[in-house]
Amino acid sequence: MSRRCSTNKEIPELSARDLASPPRPSADGAPSVPRTRGDSPAPPSGGGPAPAAGGAGLRLDIQGLRAVAVTLVVVAHAGVSSLAGGFVGVDVFFVISGFLITSLMLREWKREGRISLGRFYARRAMRLLPASTLVVMATLAGSWLFLGPLRFAEYAKDAIASAWYVVNFRLADSGTDYFNTDVPPSPFQHFWSLAVEEQFYLIWPVLLIVALKIFRRRALLAIPLLALAAASFAVNLHLTETSPSWAYFGSQGRIWELAVGALLALVAHRLDDIPRPVAAVLSWAGLAAIAYAAVAFDDHTVFPGHNAVIPVLGAAAVLAGGAAGGRYGAGLVLSLRPAVWVGGVSYAWYLWHWPLIVIVPAAAGFGEHEGPLRLIAALGGLVLAWLTLKLVEDPMRFHRAFKAHAARGLSLGLGLSAVAAAAALVAVQFPPSLSSGGAQQNTKEAIAQSPDPQAALTRLLQNPVDKMPSNLSPNVHDVAYKRTAVYNDDCALTMAEEKQTQPCLYGDKDGDRSVVLFGDSHVAQWFPAFDAIARKHHWKLYSFTKNACKVSQITIAYNNGPYSSCDDWREVTIEKIRAMEPELVVTSSSNSAKLWGEGDTATEWGEGQAETYRILQQGRTRVLTLLDNPWPKNNAVDCAVANPDDLSECANTLSESDKQPSVTKAIRKAAAAEDVAVIDPSGWVCAPSGNCPVVVGNTLVYRDYGHLADAYVEALTPVVEERLLRLFGADLSRTPGN
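Residues numbered from 1 in each chain as written. Predicted model: local features only at pLDDT ≥ 70, side-chain atom pairs only at ≥ 80, totals over all residues. Heavy atoms only, no water.

Draft legend 1. Fine view of the side chain of His 353. Inspection of the secondary structure assignment puts His 353 in helix H15 (residues 346-363). If we ignore the near neighbours within four places in the chain, the residues touching His 353 are Val 73, Val 74, His 77 and Ala 378. (Helix = DSSP H or I, 4+ residues; strand = E, 2+ residues; numbered from the N terminus. Contact = heavy atoms within 4.5 Å.)

Below, the structure is given as structure tokens:
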């Protein structure tokens, strides 16, 4: 998973107004935490935190820590490679949030002998929703104007999910979709961490209230929190290995990070007792741990998992040491005026930076190209953040009409969420238009009605379409998001699944001849053609596919480890196929994988392919290998939408379309050695000239970066049928070459 496109969010914070004046008497002020110990605390412009009236010191170092966290996030998302691990800023935010919010609730309990859930959630609503609703509405408008029609419906759904704090579940679920790996990130993706945090605060205040009523000793309050943190951390470790997207976006594996901050708040009254030299070293060590993670981690780091411990404990160390570190602690730099100012606008900056990074380059015509514009756009978000703080956040947050009436605050919060969701629902009814050229020949009809389907297809390929056809069929959204029966019936296993529980029988289910599709998604993509052929010729068609799992007897790399579930599934499936004794097994795999371990990829792949052929091709069973299809230059659908008036920008050449030519050569050699028939589909995708267009006739060729579109494969049915019958006959009894 790309961390650069996985964002995180700010947490409830002290505003710039809080920093300039003593804390307010209401619970909306800063939590009462131990101030920095020192003989003469430095003023706000100095190296230490400034004390507030009344003895409860404002932790300016926490504002500075927010500034560090949000800056790391912003520069990482902007593409600054030296700080690619800046995504750990979200972990820092989670710890700060758990610390401050728990401190606030404990202060309320001490002051009033109770914690009002109504006031708590009203404060949350008034703190977060005015700014977030503004950003949701602005991002929705920017998406409509500049990000095109292909994914706008999905972005609108993201906007609704963001408004109701469930977008993290939506992102986690879509992250398990194999076809979403090259989809551009949503401009609403950064709202995931806001959702995680709010889900935590649906649980923790209730648990704290119960614990406060049951336990008299403060130390015992940690029991439910420790249990919650331990369970969440265990889930985090498990999901990081089995489902990375759920580990990253799911709240169940992230709660422990907020719990660490909450645990620290339970002992906040003791932090001032830490010896000053120890506290100073602790705070600097914590800051160094955060810096290390930001520099050492990158998109390939397994995260969160155990690696998240580094920034989480680093943030906890800064918070713990900062209370007593004095002028020699990390507060020396964290409490400087610029850091405090950035910390004050960090929530709004976080909200604005990601939509700007996604939308501004598209609006400027840069498309998906990275460059200085991403960083400029992100830094420009500081201006919007300051304006949002002054004109939206503070006026709403401190308005008398809402401060004294929790019900009003909650009602306004629900109203704002409802308005944002309603706006998204309305917008999706009026999607942005896509410019197009004239009508083009119907691809499916042209091939089906020709006495020579291959010749008709070649003519279409030789006459590339320069502009998006006005009669494009199906539309771009359906091409990208609709799935065939193989996927809708759960017959294409995910990366984590090992056992196929569905029968996955198609074609003519009463037929007396059987064909098996065996391999990864690059054999599953041929299902529309083979299903139609099987029904016509009364064959049973079985689908045995698993995403990214190769036919070859090799172990490939996945998630920085061996793709073991593939090896297990392959072994079981091959035995199942042998027991079935089908007439034909059609195999295919993409060539994009990397070998796990030592060895030459092409050599190992070829030997593993030959071994699979030897096992399968026994008795009456014949094997057919479909070589990998030519790949486009990038996500073909996104490129076509971005360049509807010049589709040649998206076309690839045959010579550049093979991900690993040496592997293709090795597969051909293995097939020849084991007398296995081979079909090269390049002539079905590329013209004799070597040009590989993304639109043929009125049909998109690809659904994404690498997979053929279902409608195009369906249009190819007569071509595939003709080649198949020539090799094996209508009754599948013929032996190729005889």
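After presenting the structure, the write-up continues.
Draft legend 2. Structural view of helix H24 (residues 527-537). Of all 11 residues making up H24, 8 are buried, and the element is well covered by its neighbours. At the C-terminal side of H24, His 538 shows a positive phi close to 60°. (Buried < 20%, exposed > 50% of the residue type's maximum accessible area, 1.4 Å probe, protein only.)

Draft legend 3. Looking closely at unusual backbone geometry. Between Phe 303 and the following residue, Pro 304, the backbone shows a cis peptide bond with an omega angle of 5°. The residue Pro 304 is located in the loop between helix H11 (276-296) and helix H12 (309-322) in this model. Following Ser 473, the chain continues to Pro 474 via a peptide bond in cis, the omega torsion being -5°. On the secondary structure map, Pro 474 appears in the loop between helix H20 (453-462) and helix H21 (476-481). Positive phi values are uncommon outside glycine, yet Glu 581 reaches one of about 50°. Tracing the backbone through its elements, the reader meets Glu 581 in the loop between helix H25 (564-580) and strand E7 (584-588). Note on Glu 581: relative accessible area 45%, which makes it partly exposed.

Draft legend 4. Just the state of the cysteines, in detail. Summed over the entire model, instances satisfying the criterion amount to 4 disulfides. Each sulfur in the disulfide pair Cys 549 and Cys 566 lies 2.0 Å from the other. Taking the sign of the torsion about the S-S bond as the criterion, the disulfide between Cys 549 and Cys 566, at about 85°, is right-handed. One end of the pair, Cys 549, is in the loop between strand E4 (539-546) and strand E5 (557-558); the other, Cys 566, is in helix H25, with 17 residues separating them in the sequence. For Cys 549, a relative accessible area of 0% gives the class buried. Two residues, Cys 639 and Cys 650, share a disulfide whose sulfurs are 2.1 Å apart. Across the S-S bond of Cys 639 and Cys 650 the torsion is about -95°, and the bridge reads as left-handed. (Disulfide = S-S within 2.5 Å.)

Draft legend 5. Quick peek at the pattern of salt bridges. Inspection of the entire model under this criterion finds 26 salt bridges. A salt bridge links Glu 112 to Arg 119; the nearest nitrogen and oxygen atoms lie 2.7 Å apart. Note that Arg 170 and Glu 154 form a salt bridge whose closest N and O atoms lie 3.0 Å from each other. Here Arg 170, found in helix H6 (residues 167-175), pairs with Glu 154, found in helix H5 (residues 152-163); they are 16 residues apart in sequence, far enough to count as distant. (Salt bridge = Lys/Arg side-chain N within 4 Å of Asp/Glu carboxyl O.)

Draft legend 6. The arrangement of the side chain of Asp 520 in detail. When you line up the elements, Asp 520 lands in the loop between strand E3 (513-519) and helix H23 (521-524). Of note is the side chain of Asp 520, whose polar atom sits 2.9 Å from the backbone nitrogen of Ser 590. The residues touching Asp 520, leaving out its near neighbours within four places in the chain, are Thr 545, Lys 546, Asn 547, Ala 548, Cys 549, Lys 550, Ser 588, Ser 589 and Ser 590. (Polar contact = N/O pair within 3.5 Å; in protein donor to acceptor, adjacent residues only side chain to side chain.)

Draft legend 7. Structural detail: the nonpolar core. With 114 residues, the main nonpolar core has Leu 65, Phe 99, Leu 140, Phe 191, Trp 192, Trp 204 and Leu 271 as its most contacted residues. Residues Leu 472, Leu 517, Val 523 and Val 720 belong to the second largest nonpolar core, which totals 65 residues. (Core = buried A, V, L, I, M, F, W, Y, C linked by side-chain atoms within 4.5 Å.)

Draft legend 8. Structural context of the packing of aromatic side chains. Inspection of the entire model under this criterion finds 21 aromatic pairs. Between Tyr 248 and Phe 303, the ring centres sit 6.4 Å apart and the planes meet at 55°, which makes this aromatic pair tilted. One end of the pair, Tyr 248, is in helix H9 (residues 244-249); the other, Phe 303, is in the loop between H11 and H12, and 55 residues separate them in sequence. Owing to a relative accessible area of 0%, Tyr 248 belongs among the buried residues under this scheme. The exposure class assigned to Phe 303 is buried, which follows from its relative accessible area of 1%. Aromatic side chains Tyr 542 and Phe 544 sit 6.1 Å apart centroid to centroid with 25° between the ring planes, which places their arrangement in the stacked category. (Phe/Tyr/Trp six-rings, centres within 6.5 Å; stacked < 30°, edge-to-face > 60°.)

Draft legend 9. Looking closely at a negative patch on the surface. A cluster of acidic residues, Asp 466, Asp 645, Asp 646 and Glu 649, forms a negative patch at the surface. Checked against the element boundaries, Asp 646 lands in the loop between helix H27 (636-642) and strand E9 (652-653). (Patch = residues over 30% accessible without salt bridge, like charges linked within 9 Å, V, L, I, M, F, W, Y side chains within 5 Å. Areas by Shrake-Rupley, 256 points an atom, 1.4 Å probe, with all protein chains shown as cover. Lys, Arg positive; Asp, Glu negative; His and termini not counted. Charge placed at Lys NZ, Arg CZ, Asp CG, Glu CD.)

Draft legend 10. Representation of the packing of H11 against H12. Axis separation between H11 and H12 bottoms out at 7 Å; the angle between their running directions is 155°. Put simply, H11 runs roughly antiparallel to H12. As for how H11 packs across H12, the hand of that crossing is left-handed. Together, Ala 279, Leu 282, Ser 283, Gly 286, Leu 287, Ala 289, Ile 290, Tyr 292 and Ala 293 of H11 and Ile 310, Pro 311, Gly 314, Ala 315, Ala 317, Val 318, Ala 320, Gly 321 and Gly 322 of H12 make up the contact between the two elements. Across the contact of H11 with H12, the residue classes tally to 13 nonpolar, 5 polar and no charged. (Axes fitted to C-alpha atoms, helices over the stretch in contact; angles between N-to-C directions. Parallel < 35°, antiparallel > 145°, perpendicular 65-115°, else oblique. Left-handed = near helix turned anticlockwise from the far one by under 90°. Nonpolar A, V, L, I, M, F, W, Y, C, P; charged D, E, K, R; others polar.)

Draft legend 11. Local environment of the packing of helix H4 (residues 117-146) against H15. In the contact formed by H4 and H15, the axes pass within 10 Å of each other and the chain directions differ by 0°. Between H4 and H15, the crossing angle belongs to the class labelled roughly parallel. Across the interface between the two elements, Arg 127, Leu 128, Ala 131, Ser 132, Leu 134, Val 135, Ala 138, Thr 139, Gly 142, Ser 143 and Phe 146 of H4 pack against Tyr 347, Leu 351, Trp 352, Pro 355, Ile 359, Ala 362 and Ala 363 of H15.

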